[in-house]
Amino acid sequence: MNKSTVSQYARALYEATKGQSGKNLEKVIAGFVNLLARRQKLKQVGRIIEEFVSYAKKQEGIQRIEVTSARKLNPSILEAIKQSFGKKVELSEKVTPEILGGVKIRTEDTILDASLKTQLMRLKQSLM
Amino acid sequence: MSIHSIVEELKKHISEFEKKVEVEEVGAVLEVGDGIARVSGLSKCQASEMLEFPNDTFGVAFNLEEETVGAVILGEFKHIKEGDTVKRTGRILSVPVGDELIGRVVNPLGQPIDGGAAIRSNKYYPLERIAPGVMTREPVLQPVQTGIKAIDSMIPIGRGQRELIIGDRQTGKTAVAIDTIINQKGQNMICIYVAIGQKESKIARIVAKLKEAGSMDYTIVVAAGASAPASLLYLSPYAGVAMAEYFMDQGKDVLCVYDDLSKQAWAYREVSLLLRRPPGREAYPGDVFYLHSRLLERACRRNEKAGGGSITALPIIETQAGDVTAYIPTNVISITDGQIFLESDLFYRGIRPALNVGISVSRVGSAAQIKPMKKVAGKLKLSMAQFRELEAFAQFASDLDPETKKQIDLGQRLVEILKQPQYQPMPVAHQIAIIFAVTNGLANEVEVKDMREWENKFHSFLDKTKQALLDKIGSGEWDEKIESELKDAIGEFKKNV
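Residues numbered from 1 in each chain as written. Chains lettered and ligands numbered in written order. Predicted model: local features only at pLDDT ≥ 70, side-chain atom pairs only at ≥ 80, totals over all residues.

The subject of this paragraph is the overall build of chain B. The secondary structure content of chain B amounts to 15 helices and 18 strands. For chain B, the C-alpha atoms occupy an extent of roughly 90 × 65 × 45 Å along the three principal directions. Sequence-distant contacts in chain B: of pairs separated by 6 or more residues, those separated by 24 or more amount to 72%. (Helix = DSSP H or I, 4+ residues; strand = E, 2+ residues; numbered from the N terminus. Contact = placed C-beta atoms within 7 Å.)

See the structure below:
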């Protein structure tokens, strides 16, 4: 069976490299790359790294959130959003004028939608 | 209402509107193709929950796996790309139901495709529902009058029964079902015709025919044409029965025609194979029996206590070269309460409907026949059985003893009167009268080839002069007096011819 998925490789890499450092780490990574080459998975290395980063962050309890707003937000507001999600938060910002106002916060697999556009849509639906 | 009050109303609405943060669970498309999408995330997704893809496209969660969800896309999927956001809706797949749907042609999601107005219904029924249990059911006792002589007399169908119509292509399976729908006019029955994988031209022809016959006033057509994606073909019978269940819950009787379930099984096989479910016999997945049994089990006659109402199911199966031992035909034969076999060689011999009376059965319907029909049908069945045994000798007509000859003669007359043109269902009283006349030898002097003409004249004679008698028979009355009245009527007709 040679059907391990990208996320399985990422997970394996994480488990193998956890707690390793210096020479050992290099050795493990070299072994991993060798394995990928043998299984002809080098093409997918970008996705494996991506998956590895998100898996490692999850394991270490770091939450990644993406805040979308209509204009660039005040740093104090961003700080307040960070606070409400707990300590280890990695925040990325995105500016999309289409949402008109408010914010839209995306975590791993949920979206908290407090944008003006969605509110107006709901108002429209309730009036119809 | 004045403009001012409308504005006030709007103001009130807007001031009452509360801001709410919407929480949405999302996932991302990992791969997409052939109407199937694999989605990551959506860890709390339910089985058969609707998922929202970009551009208002919906899908259904089918396979819930460790890290991914396998979803079938309902409709167009060309615009969906890898990485697209997929939202959970929290709703189990359901269709709009209600009186608004009557007379409409809709797709399996309940959206109109007849070019008419949008369907405004606020009632939704889930597609998948557990069939009514034992305690809510009662025996099938009321008849469904199909208007087809051969069926109503020998293979009677009751309200709440599941009767399979099976045969090769081009043997008149759909014709039997459509005639039955046409004959439900004034019978207090709502009809649902589910077209699965049919040619769009055929669906259009059927709808036009139903309109012409005035049958669209009590009929819903659920259509998933041959060009519809497999997901819709697979779901369409469930959509049909969900609409039927709404009317049953109102205590009404419903007739559901699934035309045809072999195409639905193909569609389900396609979806299952694409989702990599293991194939079994004939490459169908292991649960293809459950696919049909859970659908047909929802047809039932409910007792008064549970609200009454009934769903009668007429599933259609197309066989290949008369092979009823293939996987799907045997499955559906074992689920249903009887089957109507249509054969192509009978069809080409001009016996239409091309019913094979010998192997067609109805396991529960005879209890639902009205009394006069029961009386005349007994004799008819016996004579037909004897005729089938002797049929092979018919070509030696000159060398036969008079008794055998008489039976063959009677059989030939009966075959003649059981023929019936399409779109001409016959009221039950007329059926009884003609079967009575022939089985009792009252038409023996008529040549076999003139039989049908004689029959037509006989019916118009009854219509003109014996309406009261027909009404009595039609309402189920039968005693010696009526029998002799009928005999006298036949005698009177013969004198006039």
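Taken together, the contact pairs 16 residues of chain B with 12 residues of chain A. Secondary-structure elements contributing two or more residues to the side of chain B that touches chain A are α1 (3-16) and β1 (22-33) of chain B. At 6 residues, the largest contribution of residues to the side of chain B that touches chain A is made by β1(B). Per-class residue counts for the side of chain B that touches chain A are 7 nonpolar, 4 polar and 5 charged. Where strand β4 (residues 110-115) of chain A meets β1(B), 4 bridges bridge the pair, whose relative direction is antiparallel. Each bridged residue has a counterpart across the sheet, and for Asp113(A) the counterpart in β1(B) is Glu22(B). (Nonpolar A, V, L, I, M, F, W, Y, C, P; charged D, E, K, R; others polar. Pairing = 2+ DSSP bridges.)

Turning our attention to the environment of Ser40(B). Residue and element names in this part refer to chain B. Topologically, serine 40 is positioned in strand β2 (residues 36-41). For the pair formed by serine 40 and histidine 79, sequence separation is 39 residues and the distance between their alpha carbons is 18 Å. Setting aside residues no more than four positions away along its own chain, serine 40 makes contact with Gly27, Ala28, Leu30, Glu67 and Thr68.

Turning our attention to the domain arrangement of chain A. Domain annotation for chain A reports domain 1 (6-59) and domain 2 (63-127). A straight line from the C-alpha centre of domain 1 of chain A to that of domain 2 of chain A covers 33 Å. (Domains from an automatic or database assignment.)

Looking now at the nonpolar core. All names here are of chain B. Grouped together as the largest cluster of nonpolar side chains are 137 residues, with contacts concentrated most on Ala71, Ile192, Met243, Cys256 and Ile340. The dominant element in this core, judged by the number of residues it contributes, is helix α5 (residues 230-249), at 14 residues. For isoleucine 192, the contacting residues outside a window of four places in its chain are Ile220, Val222, Gly240, Met243, Ala244, Val254 and Cys256. (Core = buried A, V, L, I, M, F, W, Y, C linked by C-beta atoms within 7 Å. Buried ≥ 20, exposed ≤ 12 C-beta atoms within 10 Å, placed from the backbone.)

Right, let's get into the packing of helix α10 (residues 371-390) of chain B against helix α12 (residues 428-439) of chain B. Residue and element names in this part refer to chain B. Direction vectors running N to C along α10 and α12 enclose 45°, while the axes themselves pass 9 Å from each other. Regarding the angle of α10 to α12, the classification is oblique. Considering the relative orientation of α10 and α12, their crossing is left-handed. Taking contact as the criterion, the partners of Pro372, Met373, Val376, Lys379, Leu380 and Ser383 in α10 are, on α12, Val428, Ile432, Ile435, Phe436 and Thr439. (Axes fitted to C-alpha atoms, helices over the stretch in contact; angles between N-to-C directions. Parallel < 35°, antiparallel > 145°, perpendicular 65-115°, else oblique. Left-handed = near helix turned anticlockwise from the far one by under 90°.)

Attention now goes to the confidence of the model for chain A. On average, residues of chain A score 84 in pLDDT, and 96% of them are at 70 or above. Mean pLDDT across the secondary structure elements of chain A bottoms out at helix α5 (residues 116-127) of chain A, with 81, and peaks at helix α2 (residues 22-38) of chain A, with 88. (pLDDT = per-residue confidence, 0-100.)

Before going further, it helps to examine the packing of helix α11 (residues 402-418) of chain B against helix α13 (residues 451-465) of chain B. Residues and elements named next belong to chain B. Where α11 contacts α13, the two axes come as close as 9 Å, and the packing angle between them is 60°. As judged from the angle between their axes, α11 and α13 are oblique. Handedness of the α11/α13 crossing: right-handed. For the pair α11 and α13, contact is made by Arg413, Glu416 and Ile417 and by Met451, Arg452 and Glu455, respectively. When grouped by side-chain class, the residues that make up the contact of α11 with α13 number 2 nonpolar, no polar and 4 charged.

The subject of this paragraph is the sheet that holds strand β18 (residues 361-362) of chain B. By definition, the strands of a sheet pair up through backbone hydrogen bonds, in either a parallel or an antiparallel sense. All names here are of chain B. Judged by pairing direction, the sheet is mixed, and its 8 strands sit side by side in the order β8-β14-β13-β15-β16-β12-β17-β18 without closing on themselves. Of all the strands in the sheet, the pair left with one neighbour each is β8 (105-106) and β18. Relative to strand β15 (residues 253-259), strand β13 (residues 189-198) runs parallel, the two being bridged by 7 bridges. Opposite isoleucine 192, over in β15, you have cysteine 256 as the bridge partner. Set on the sheet, helix α4 (residues 200-212) makes contact with β8, β13 and β14 (219-225); between it and β14 the angle comes to about 170°. Against the sheet, helix α8 (residues 327-335) touches β12 (164-167), β16 (310-318) and β17 (338-342), its axis set at about 160° to β16.

This next bit is on unusual backbone geometry. Residues and elements named next belong to chain B. Look at the link from aspartate 259 to aspartate 260: it is a cis peptide, with omega at -5°. Structurally, aspartate 260 is set in the loop between β15 and α6 (261-274). We note that glutamate 282 has phi near 50°; this positive angle belongs to a residue other than glycine. The residue glutamate 282 is located in the loop between α6 and α7 (288-296) in this model. Given 11 C-beta atoms within 10 Å, glutamate 282 falls into the exposed group. Even without glycine at this site, alanine 283 takes up a positive phi of about 65°.

What follows is about the confidence of the model for chain B. In the predicted model, chain B carries a mean pLDDT of 93, and 100% of its residues have values of at least 70. On the interface metric, ipTM, the complex scores 0.72, and its pTM is 0.89.

Our next topic: the environment of Ala443(B). Residue and element names in this part refer to chain B. Inspection of the secondary structure puts alanine 443 in the loop between α12 and α13. Alanine 443 gets classed as buried once you count the C-beta atoms within 10 Å, which come to 21. Along the primary structure alanine 443 and alanine 367 are separated by 76 residues, whereas in three dimensions their C-alpha atoms are 29 Å apart. Sequence-distant contacts of alanine 443, that is, excluding residues within four places in its chain, are made with Arg413, Ala437, Val438 and Trp454.

Before going further, it helps to examine the environment of Gln59(A). All names here are of chain A. Relative to the elements of secondary structure, glutamine 59 occurs in helix α3 (residues 45-59). According to the C-beta neighbour criterion, glutamine 59 is exposed, with 12 such atoms within 10 Å. On a C-alpha basis, the gap between glutamine 59 and threonine 110 in space is 18 Å, while along the polypeptide they are 51 residues apart.

Looking now at α7(B). Residue and element names in this part refer to chain B. Restricting attention to buried positions, one finds in α7 the residues Val288, Leu291, His292, Leu295 and Leu296. Each buried residue of α7 sits inside an arc of 105° when the element is viewed along its axis, so together they form one side. Structurally, α7 contributes buried residues whose contacts are with α5, α6, β16 and α8. (Arc of directions from axis to C-beta.)

Residue and element names in this part refer to chain A. As paired elements, strand β1 (residues 63-69) and strand β2 (residues 89-95) share 7 bridges and run parallel to each other. Bridge assignment links threonine 68 to a residue of β2, and that residue is lysine 94. What joins β1 to β2 is helix α4 (residues 75-84), and the crossover it makes is right-handed. Here 4 bridges tie β1 to strand β3 (residues 102-106), and the two strands are oriented antiparallel to one another. Bridge assignment links glutamate 66 to a residue of β3, and that residue is arginine 106. (Right-handed = clockwise from strand over helix to strand, strands pointing away.)

On to α8(B). Residue and element names in this part refer to chain B. Every buried residue of α8 is accounted for by Ile328, Pro329, Asn331 and Val332. Summarising the axial view, the buried residues of α8 lie within an arc of 165°, below the 170-degree limit, and thus occupy one face. Its buried side turned inward, α8 meets β12, α6, α7 and β16.

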